[in-house]
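Coordinates in review
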Amino acid sequence: MALYAAEGIVLGTRSWGEADKVMTIFTRERGLLRAAAFGCRRPRSPLAGAMQMFVHSDLQLAEGTRLETVKTASVRAHHAKLSLDLTALAYATFVAEVIRALLPEGVADEVFFHKLAAILTAFETRNPRVTALAAVLQTLAAAGLQQSYERCLHCGAEI
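Residues numbered from 1 in each chain as written. Predicted model: local features only at pLDDT ≥ 70, side-chain atom pairs only at ≥ 80, totals over all residues. Heavy atoms only, no water.

Close inspection of predicted coordinates is inappropriate for parts of the model with low pLDDT. Looking at the chain, the pLDDT average stands at 92 and 99% of residues meet or exceed 70. Mean pLDDT values over the elements of the chain span from 88, in helix 1 (residues 80-84), up to 96, in helix 2 (residues 86-102). (pLDDT = per-residue confidence, 0-100. Helix = DSSP H or I, 4+ residues; strand = E, 2+ residues; numbered from the N terminus.)

In structure tokens, the structure reads:
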């Protein structure tokens, strides 16, 4: 089980067992991955703060066959408005679902990682609906499904 460091943003969590979570994390180094954080639902767990939705952290991960394992984590940025504003949380959760659905696991995309960090920061100050729309368009572009306005979709003629 090799250990490696990664910078990541939590995009999804699911309770697993009595005190564990399985997370979907978008990392700068390895792209989208799934990781288990054992004991992070306990009140005194050192992983508890960093394993919340939309938290940007420095992680120490151990490679696994199906899941990575989070060994240590330290918070870089916590987006407080997303935990206080229900509308912003709803739109940010929608963006996270789009990212999880469209981007492949294990494919690093450092440019999109930095865009994602900026998107989450934008939810703090900008209109959540407009931010979510821009985020989905950027996710489509990162997935290779960007919009084209130069050619007709029906016949392919240049517009």
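Core analysis: the largest hydrophobic core is formed by 21 residues, its most contacted members being Leu-11, Phe-26 and Phe-123. When contributions to this core are tallied by element, the ones reaching two or more residues are strand 1 (3-16), helix 2, helix 3 (110-125) and helix 4 (128-142). The element that contributes the greatest number of residues to this core is helix 3, accounting for seven residues. Formed by 16 residues, the second largest nonpolar core is a distinct cluster that contains Met-23, Ala-35, Met-51 and Val-70. (Core = buried A, V, L, I, M, F, W, Y, C linked by side-chain atoms within 4.5 Å. Buried < 20%, exposed > 50% of the residue type's maximum accessible area, 1.4 Å probe, protein only.)

Within the element layout of this structure, Ser-57 appears in strand 4 (residues 56-62). Setting aside residues up to four positions removed in sequence, Ser-57 forms contacts with Ala-6, Glu-7, Gly-8, Ala-50, Ser-74, Val-75 and Arg-76. (Contact = heavy atoms within 4.5 Å.)

The residue Phe-54 is not glycine, and still its phi comes out positive at about 65°. Secondary-structure assignment places Phe-54 in the loop between strand 3 (31-37) and strand 4. By relative accessible area, Phe-54 is classed as buried at 3%.

As enumerated under the stated definition, the model contains three aromatic pairs in all. Measuring from centroid to centroid gives 5.9 Å for Trp-16 and Phe-38, while their planes differ by 40°, and the two rings are tilted. A residue pair is termed long-range when its members are at least 10 positions apart, and Trp-16 in strand 1 and Phe-38 in the loop between strand 3 and strand 4 qualify at 22 residues. Judged by relative accessible area, Trp-16 falls into the partly exposed class, the value being 40%. The class for Phe-38 is partly exposed, based on a relative accessible area of 45%. With a centroid separation of 6.2 Å and an interplanar angle of 15°, the aromatic rings of Phe-26 and Phe-113 are classed as stacked. Here Phe-26 is found in strand 2 (residues 20-27), whereas its partner Phe-113 is found in helix 3, with 87 residues between them in sequence. Here Phe-26 matches Phe-113 in class, with each residue buried. Of the aromatic side chains, those joined through ring pairs into one cluster are Phe-26, Phe-112 and Phe-113. Over the aromatic face of Tyr-4 sits the side chain of Arg-30, whose NZ or CZ is 3.6 Å from the ring centroid. (Phe/Tyr/Trp six-rings, centres within 6.5 Å; stacked < 30°, edge-to-face > 60°. Lys NZ or Arg CZ within 6 Å of the ring centre and 35° of its normal.)

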